[in-house]
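Analysis of the macromolecular model
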Amino acid sequence: MNSSQADENLLAELREALAARAAVPPAFVEIAKSAYAWHHLDAELAQLVYDSVLDAGRGASVRSESASIRALTFASAQFSIEVEVSDDALLGQLIPPQPGTIELQTMAGQAIESAIDEVGCFSIEPKPDGQFRLQFRTEGQPDVLTGWLTLSQPPGE
Amino acid sequence: MRDDPYVVALVARAAGSDKDAWDEIVERYAPLVWSICVRFRLSAADIEDVGQTVWCGLYEQLGKLREPAALPGWLATTTRRECMQVLKVSNRYEPFGGEPEDSVLAAEADPGPVEEEVLRAERHALLRRALAELPEGCRRLVTLLASDPPLSYPEISARLGIPQGSIGPMRGRCLERLRQSALLSGLSDTMPSGETGKSGTRATSRRHVK
């Protein structure tokens, strides 16, 4: 193979390599990069200990109250977190009550912060669609983080 | 290319707290994950979901990958599996769509063994890195030469402000530099040009066995 043919081959493959990279939408790359930040946190993971949807039982007809209000409870070493999901908002409280901030994090890399008041109450409106998780910051304690959640359907379904 | 020390180092750094290393892994392999999703003809939303699952899964794997150089193979296999999963689930809700067997879906989207796809992606990644490491003058010229559709010498001359007559010699010199750099990265044994490659040997087999 002469050198000009080798150059042509090299350029052809390089063209393919650049086209493969150019075909990837920037958002796809950005979401992938942000996956690292979402995981790489120094926070305690809160356990989901109660979910009204799972408690209601599968197959049984859904009662009206459980259709409109879903209740979740998370447990961590510092506090437990009670969450209620209504049609348009996500309301909750830290037990024992304490102030701080709550951050709603979406898989797409968005983070929306809001305050937790003196009696530990917080609200997020509108309620998130798609996958999200909640991170709680309180003074003098490690952050507490929930696992990824979706409200559209019960986990495991 | 087997056990590419560069990839091994990237994985080790990302498993620590090095966000730059993670970003570079993403830059390097996003085209592989993306191209597999596209081949499975997933919707944009499904591709996003698969991407999230794959990258989050990779994060979990970072400290556990026994053979960090097998990372692209893991990515390709996981992406394929997730794509199949999405197709299976969406298929369930098409009452008249029939229910193609997995094997049919697989055959339709199958570009050949995972190893070949992974090797191609690795070659591409190495070439892009080698290009990025060229001195600026060379990098600009080679980028224009590799553009699709190719630019003519007069166009390149106008863009770079260099005489047409010097493009040819410069091109030879720059491609040689690129080749040297690619050689250093271990690209030679999978280069189709075969000039320096050990013809007949494929790098596929040994790598994923361990």
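Residues numbered from 1 in each chain as written. Chains lettered and ligands numbered in written order. Predicted model: local features only at pLDDT ≥ 70, side-chain atom pairs only at ≥ 80, totals over all residues.

With that settled, the discussion passes to the environment of Gln141 of chain A. As for its placement among the helices and strands, Gln141 of chain A is situated in the loop between β9 (132–137) and β10 (143–145). In this structure the C-alpha to C-alpha distance between Gln141 of chain A and Ala43 of chain A, which are 98 residues apart in sequence, comes to 9.7 Å. (Helix = DSSP H or I, 4+ residues; strand = E, 2+ residues; numbered from the N terminus.)

Below, the discussion takes up the sheet that holds strand β1 (residues 43–45) of chain A. All names here are of chain A. One open sheet holds the 5 strands; their spatial order is β1-β10-β9-β6-β7, and the pairing between them is mixed. At either end of the open sheet lies a strand with only one pairing partner, and these are β1 and β7 (111–116). Between one strand axis and the next, the sheet turns through 25 degrees on average, direction left out of account. Here strand β6 (residues 100–106) pairs with β9 via 6 bridges, running antiparallel. For Thr101, the partnering residue across the bridge sits in β9 and is Arg137. (Pairing = 2+ DSSP bridges. Axes fitted to C-alpha atoms, helices over the stretch in contact; angles between N-to-C directions.)

For the rest of this paragraph, the subject is the sheet that holds strand β3 (residues 70–75) of chain A. Residue and element names in this part refer to chain A. Read across the open sheet, the 5 strands follow the order β2-β3-β4-β5-β8; overall the sheet is antiparallel. The open sheet is flanked by β2 (47–51) and β8 (121–124), the only strands paired with a single partner. Ignoring strand direction, the axes of neighbouring strands in this sheet form an average angle of 20 degrees. Where β3 meets strand β4 (residues 80–85), 6 bridges bridge the pair, whose relative direction is antiparallel. When the sheet's bridge partners are listed, Ala75 is paired in β4 with Ser80.

With that out of the way, let us pick up the environment of Asp88 of chain A. All names here are of chain A. The residue Asp88 is located in the loop between β4 and β5 (90–95) in this model. Spatially, the C-alpha atoms of Asp88 and Glu125 are 6.6 Å apart, while their sequence positions differ by 37 residues. Setting aside anything within four residues of it in sequence, one finds Asp88 in contact with Glu125, Pro126 and Lys127. (Contact = placed C-beta atoms within 7 Å.)

On to unusual backbone geometry, then. Look at the link from Ile95 of chain A to Pro96 of chain A: it is a cis peptide, with omega at -5 degrees. With respect to the helices and strands, the residue Pro96 of chain A is situated in the loop between β5 and β6. The residue after Glu125 of chain A, namely Pro126 of chain A, is reached through a cis peptide bond having omega -5 degrees. Among the secondary structure elements, Pro126 of chain A is positioned in the loop between β8 and β9. Phi at Arg41 of chain B is positive, roughly 55 degrees, even though this residue is not glycine. Looking at the element boundaries, Arg41 of chain B is found in the loop between α2 (19–39) and α3 (44–61).

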